[in-house]
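Secondary and tertiary structure notes
Now for the letters of each chain:
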Amino acid sequence: MNNYFKKIRRVDQITFFVILFILIILLRSFNLQFTESEKYSSLIKNYEIKEHIISTSRGSIVDRNNIVLAESIPMKTLIISNKEKFLQDHLAFKKLCKIINIDFEYLLKKVKKKENKRFIRIRELRLLSSDNANKISRLNIKGIYFIKEFKRYYPEGETFASLIGMTNIDHIGHMGLESSYDSSLAGVNGKKKVMIDRQGTIVKEIKEIKKPKEGSKLVLTVDARLQYVAYRELKKQVRKVDAKSGSVIILDSTNGDILATASYPSYDPNDNSTYTVEAERNRGIIDSLEPASTIKPFVLTAALYSEKVNLSDKFNTNPGYKKMGRKTYRDVSNFGELTSEGVIIKSSNLGSIMILEKFNKKIFYDLLEHVGFGEKINLNFPSEVEGSLPHHSDWKKTDVRSLAQGYHCRVSPLQLAKAYSAIANNGLVINPRLIKKNKIDIFEDKKYEKEFNKVKNVIKKVIDEGSAQRAAIHGYTAGGKTGTAELYVGGKNKNKYSSEKHTGLFAGIAPLKNPKLVIVVVINQPSNEKFGGVVAAPVFKKIATDSLRILNISPDNIDAYEKKVLNKVKKQNSYTYKNPEVNNVFWINRY
């Protein structure tokens, strides 16, 4: 026998084993098909292979110092995979309603309305806290499971609401920066193949099909500390003077960084019940207004550039009003004879008209265009306003007179801040930026350098001795200009401007010797007072005082401040040597 097997060729051995292997497969197939078919059919019915979304986190939004302004928090969402089983246990269902604080009948009706699918998602059962999800899990309700979803959280609340905006329940941005940068913040969800049971519960993860990609972090130029100060003081003042609304812009004049953009009224993006359309508006970026007397420094700059006017030229504003054409123009009082710089210091409408009528109107138009009037800043912010500046060829005599007083053109508070940063930089224009990674955009033309340098000294006198003395900052030089704009009401009224509704403005620079901050304050329709020097200038003072301290900018006007301190010391026995406005802003340690 052994000899027989030895004679078998090697190829016959291989053929034998192949045939044997085929027979085994055929037998097993027969077994599965006919003998064990019921067993495996039931398994197939109980389980299913599906693609499952891997949720990814939305990118955070942070300030220039990496302070979180918006972040995503993982939450649990309850999914109903079997409606009939879910509704069987009424007692457990009622306990669930109690946990999430919702009416039983209301939720029951809502669930019953849904089609009987394996994936039923109800708004009230989404984005549950881990604590509530765990309490519901312990109820052992059949026909449900939980998935991970993300909820947006805003640590700074109402302070940043009008700038950051918010997302909807599906984590999609639909206001503010959340909306305009949604594509980069959102990231991309991944996919994986999973096995699920009849209740929709994942019993096995098979493989990852597509890797999730987290959203990108958005770094802003704003400083959360300055934003808080701006919002705090704005809110306080709007309430104090019973105004309709207000806004504040803080701009870094050295690089165009927007350090704060506060608006009031506002809302809490963590609480949808506080939201209103009016509260959503970022008034510093999307509202336009007529700049009123804040335009007058630019009238003087253009006049000096024309060489038709110098600082010592005199203008007779007696008796405080003057009829020009069909209209009578007025000052708030009779300022008499004023020099060119006196016109700005006293904020004389008549003097400003007289100055502007002395030179070619194109020169004034070119200067306003140079500093950004009528030009969109392009921040990539929803509904950002362009403002308006009609071409000089369309100006009538009445338009020129209106422009001399800051009417017949419109700017946003941010555009006005940009224009004042040109004064701070002696004519160098830097376009504001809101996103830190964006390049600094500088317009190098300094053709107005000499004139802006002179005007800078004039707006210092506006604070030192003119209409904006309430804006003076202890220990620092500052310059600025007040504005009081009558609101345009239009309609059939002969006088299209309201004598009762006003906007109070102040635009200022601090410190003036080595400029760092440009601050614009707008108080819309105050009830108690109307003048910008009364309602807006004090807000500038408080915001600038705190901001300079926060940024560790040394006082540049120590002598003047020391004189004031010493005068107070002489008048009272126990003086604290401390700024009464803001604690520890400036101390006198020499005496």
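Not measured: the values here are computed from a predicted model.

**So, the packing of helix H14 (residues 296–306) against helix H20 (residues 449–465)**
Where H14 contacts H20, the two axes come as close as 9 Å, and the packing angle between them is 140 degrees. By the angle class used here, H14 and H20 are oblique. Our pair here, H14 against H20, has a crossing hand that is right-handed. Only Glu-451, Phe-452, Lys-454, Val-455, Val-458 and Ile-459 of H20 make contact with H14, whose side of the interface consists of Pro-297, Phe-298, Leu-300, Thr-301, Leu-304 and Tyr-305. Residues belonging to the contact of H14 with H20 are distributed by class as follows: nine nonpolar, one polar and two charged.

**Some thoughts on the pattern of salt bridges**
All chains considered together, the criterion is met by 25 salt bridges. Of the charged contacts in the structure, one is a salt bridge between Asp-252 and Lys-516, with a shortest N-O distance of 2.8 Å. Here the residue Asp-252 occupies a position in strand S9 (residues 245–252), and Lys-516 occupies one in the loop between strand S18 (497–510) and strand S19 (517–524), the gap between them amounting to 264 residues. With relative accessibility at 25%, the residue Lys-516 sits in the partly exposed group. Here Asp-366 and Lys-362 are joined by a salt bridge, their closest N and O atoms 2.7 Å apart.

**Regarding H20**
A rise of 1.5 Å per residue sets the reference length of H20, with its 17 residues, at 24 Å; its end C-alpha atoms lie 25 Å apart and thus fit the reference within 8%. When H20 is considered as a whole, its buried residues turn out to be Glu-451, Phe-452, Val-455, Lys-456, Val-458, Ile-459, Val-462 and Ile-463. On its buried face, H20 sits against H14, helix H15 (340–346), helix H17 (361–370), helix H19 (413–424), strand S17 (479–488) and S18.

**Looking at the confidence of the model for the chain**
Caution applies to low-pLDDT regions: their predicted coordinates should not be interpreted in detail. In the predicted model, the chain carries a mean pLDDT of 87, and the fraction of residues at 70 or more is 86%. In this model, residues 574–591 is a region of pLDDT below 50 whose contacts with residues beyond four sequence positions or in other chains number 35 contacts.

**Observations concerning the packing of aromatic side chains**
Given two aromatic rings, their pairing is described by the distance between the two centres and the angle made by the two planes. In the structure shown here, the tally under the stated rule is 14 aromatic pairs. Pairing Phe-93 with Phe-104 gives two aromatic rings, centres 5.3 Å apart and planes at 75 degrees, and the pair type is edge-to-face. With a gap of 11 residues between them, Phe-93 in helix H5 (residues 90–99) and Phe-104 in helix H6 (residues 104–113) connect regions that are remote in the sequence. We classify Phe-104 as buried; its relative accessible area is 14%. Consider the rings of Phe-506 and Phe-540, whose centres lie 4.8 Å apart with planes at 55 degrees: the pair is tilted. Here Phe-540 lies in helix H22 (residues 537–550) and Phe-506 lies in strand S18, a separation of 34 residues in the sequence.

**Considerations on the packing of H19 against H20**
Look at H19 against H20: their axes get within 8 Å of each other, and the N-to-C directions meet at 105 degrees. Viewed along their axes, H19 and H20 adopt a mutual orientation that is roughly perpendicular. Taking contact as the criterion, the partners of Ala-422, Ile-423 and Ala-424 in H19 are, on H20, Phe-452, Lys-456 and Ile-459. Class assignment of the residues belonging to the contact of H19 with H20 gives a composition of five nonpolar, no polar and one charged.

**Brief notes about helix H18 (residues 397–404)**
If you check which residues of H18 are buried, you get Asp-399, Val-400, Arg-401, Leu-403 and Ala-404. In this structure, the buried residues of H18 make contact with H14, strand S12 (321–324), strand S13 (327–330), helix H16 (349–356) and H17. Remark: Gly-406 follows H18 within two positions and exhibits a positive phi of approximately 90 degrees.

**Looking at the nonpolar core**
Nonpolar side chains tend toward joint burial in soluble globular proteins. Ranked by internal contacts, the top residues of the largest apolar core, which has 126 residues, are Leu-220, Ile-250, Phe-298, Phe-364 and Phe-540. In terms of residue count, the dominant contributor to this core is H19 (eight residues). Not counting residues within four places of it along the chain, the set of residues in contact with Ile-250 comprises Leu-226, Ala-230, Asp-257, Ile-258, Leu-259, Ala-260, Leu-517, Val-518, Ile-519, Ile-543 and Ser-547. Among the nonpolar cores identified, the runner-up in size contains 21 residues, and Phe-93, Ile-102, Ile-122 and Ile-144 belong to it.

**Notes on the sheet that holds S18**
Taken in spatial order, the five strands make up an open sheet running S10-S9-S19-S18-S17, and their pairing is antiparallel. Among the strands making up the open sheet, the edge pair consists of strand S10 (258–264) and S17. Going across the sheet, the axis of each strand differs from the next one's by a mean of 10 degrees, ignoring polarity. Relative to S10, S9 runs antiparallel, the two being bridged by six bridges. Across the sheet, the residue bridging to Ser-247 is Ser-263, located in S10. Packed on one face of the sheet, helix H11 (residues 224–240) meets S9, S10 and S19 and runs near 30 degrees to S10.

**A look at unusual backbone geometry**
Negative phi characterises most residues that are not glycine, and trans characterises most peptide bonds. Along the chain, Tyr-264 connects to Pro-265 via a cis peptide bond; the corresponding omega equals 10 degrees. For the peptide bond that leads from Asn-318 to Pro-319, omega is -5 degrees, which places it in the cis range. Mapped onto the fold, Pro-319 is located in the loop between strand S11 (314–316) and S12. A positive phi angle, close to 70 degrees, is found at Asn-66, a residue other than glycine. Looking at the secondary structure, you find Asn-66 in the loop between strand S2 (61–62) and strand S3 (68–80). A relative accessible area of 46% means that Asn-66 is categorised as partly exposed. In this structure, His-408 is a non-glycine residue whose phi angle is positive, near 70 degrees. Within the fold, His-408 resides in the loop between H18 and H19.

Thresholds, definitions, all that
- Once a new chain begins, its residue numbering starts again from 1 and follows that chain's sequence as written.
- This being a predicted model, a pLDDT of at least 70 is required before a residue's local features are given, and a value of 80 or more before pairs of side-chain atoms are given or counted; all residues contribute to the totals for chains, interfaces and linings.
- Note that water and hydrogens are dropped before the side-chain values are worked out from all heavy atoms of the structure.
- Fitted lines through C-alpha atoms serve as axes, helices being fitted only where they are in contact, and the angles separating the N-to-C directions of these axes extend from 0 to 180 degrees.
- Here a helix means four or more residues in a row that DSSP labels H or I, a strand means two or more in a row labelled E, and each is numbered from the N terminus.
- Oblique is the label for any angle not covered by the other classes, which are roughly parallel (under 35 degrees), roughly antiparallel (over 145) and roughly perpendicular (65 to 115).
- Two helices that cross are described as forming a left-handed crossing if the nearer one is turned anticlockwise from the farther one by less than a right angle, and a right-handed crossing if clockwise.
- We call two residues in contact whenever any of their non-hydrogen atoms come within 4.5 Å of each other.
- Only Asp, Glu, Lys and Arg are considered charged, only Ala, Val, Leu, Ile, Met, Phe, Trp, Tyr, Cys and Pro nonpolar, and every remaining residue, Gly among them, polar.
- Any Lys or Arg side-chain nitrogen located within 4 Å of an Asp or Glu carboxyl oxygen qualifies as a salt bridge.
- Burial classes: relative accessible area under 20% of the type maximum marks a residue as buried, over 50% as exposed, and values in between as partly exposed (1.4 Å probe, protein chains only).
- Given the number of residues in a helix, its expected span is that number minus one, multiplied by 1.5 Å.
- Summary of the metric used: pLDDT quantifies the predictor's per-residue confidence within the range 0 to 100.
- Put simply, two rings from Phe, Tyr or Trp (the six-membered ring, in Trp's case) pair if the centres are within 6.5 Å, and we call them stacked under 30 degrees between planes, edge-to-face over 60, tilted for the rest.
- Nonpolar core, defined: a set of buried Ala, Val, Leu, Ile, Met, Phe, Trp, Tyr and Cys residues in which side-chain atoms within 4.5 Å join the residues together.
- Strand pairing is assigned whenever DSSP detects at least two bridges linking the two strands.

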